[in-house]
Amino acid sequence: ILLVEDNIRFYSSVLPNLYNYILAQSKNFSTEALNPHAAAQRKRGRPKVVLATNYEEAMEWYDRYHDNVLGVISDTRFPMENITGRLSHVEEGDAEAGLKLLREIRQRDEYVPLILESSEIENRDKAWAEGFDFLDKNSKKFNVDLRHMIEEHMGFGDFVFRDPTTHEEIFRIKSLKELQDNILNI
């Protein structure tokens, strides 16, 4: 998971919650292992979080791990080099850097989940207009919303079968054992 955020206060609070959620999912996944060695292997194979604080660093991480990226969570405003090769004003950053980053990634991969986060609520409409999910950084339940987005779009949580036209949930699988038991029903 690529997290793009330049505000140390914000990423200092988000990263522990993100790690706790990933570790909890990893622990749940490892309980399905057949033996302790397999459980340790599954824990070691858990998703990782990579933090970038500007556009160029984010693209470097994306270029390096693009085949393994589960999703991108990006702030809207952060530093990025302008045409002259200079960084945008560090205190303010580029107001559209997050949108530019997500557009570039979308051009390269049409399926990777992309989430734009911002404390400026007017960015929600911009994100939705381009097909990105949006998280309000000022929301009192930001961490709950983030967890829900990760579960829904990045392959965590239950495996949900949906009707391709209505997107209505048809079946929900919580474990591999449950999948084995219900494969004929599905």
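On a predicted model such as this, the values are computed, not experimentally measured, just so you know.

## With respect to the side chain of D94
Then, number 1: Position of D94 among the secondary structure elements: in the loop between β3 (72-75) and α4 (97-108).
Then, number 2: Taking relative accessible area as the criterion, D94 reaches 17% and is therefore assigned buried.

## Comments concerning the confidence of the model for the chain
Then, number 1: Within the chain, residue pLDDT values average 84, and 85% of them lie at 70 or more.
Then, number 2: The element-level mean pLDDT for the chain is lowest in helix α2 (residues 36-44), coming to 66, with helix α3 (residues 55-65) highest at 95.

## A word on the pairing of β3
Then, number 1: On β3, burial covers both faces: V72 and S74 on one face and I73 and D75 on the other are all buried.
Then, number 2: Pairing analysis gives three bridges linking strand β1 (residues 2-4) to β3, with the strands arranged parallel. Following the sheet pairing, L2 is matched in β3 by V72.

## Concerning the nonpolar core
Then, number 1: Core analysis: the biggest nonpolar cluster contains 23 residues, and L2, V4, V72, L101, I105 and L114 have the highest contact counts within it.
Then, number 2: Contributing elements (two or more residues each) for this core: β1, β2 (50-52), α3, α4 and β4 (114-118).
Then, number 3: Considering each element in turn, this core owes the most residues, five residues, to α4.
Then, number 4: Of all hydrophobic cores here, the second largest spans 19 residues; its members include I1, F10, V49 and F142.

What counts, and at which threshold
- Residues numbered from 1 in each chain as written.
- Predicted model: local features only at pLDDT ≥ 70, side-chain atom pairs only at ≥ 80, totals over all residues.
- Heavy atoms only, no water.
- Helix = DSSP H or I, 4+ residues; strand = E, 2+ residues; numbered from the N terminus.
- Buried < 20%, exposed > 50% of the residue type's maximum accessible area, 1.4 Å probe, protein only.
- pLDDT = per-residue confidence, 0-100.
- Pairing = 2+ DSSP bridges.
- Core = buried A, V, L, I, M, F, W, Y, C linked by side-chain atoms within 4.5 Å.

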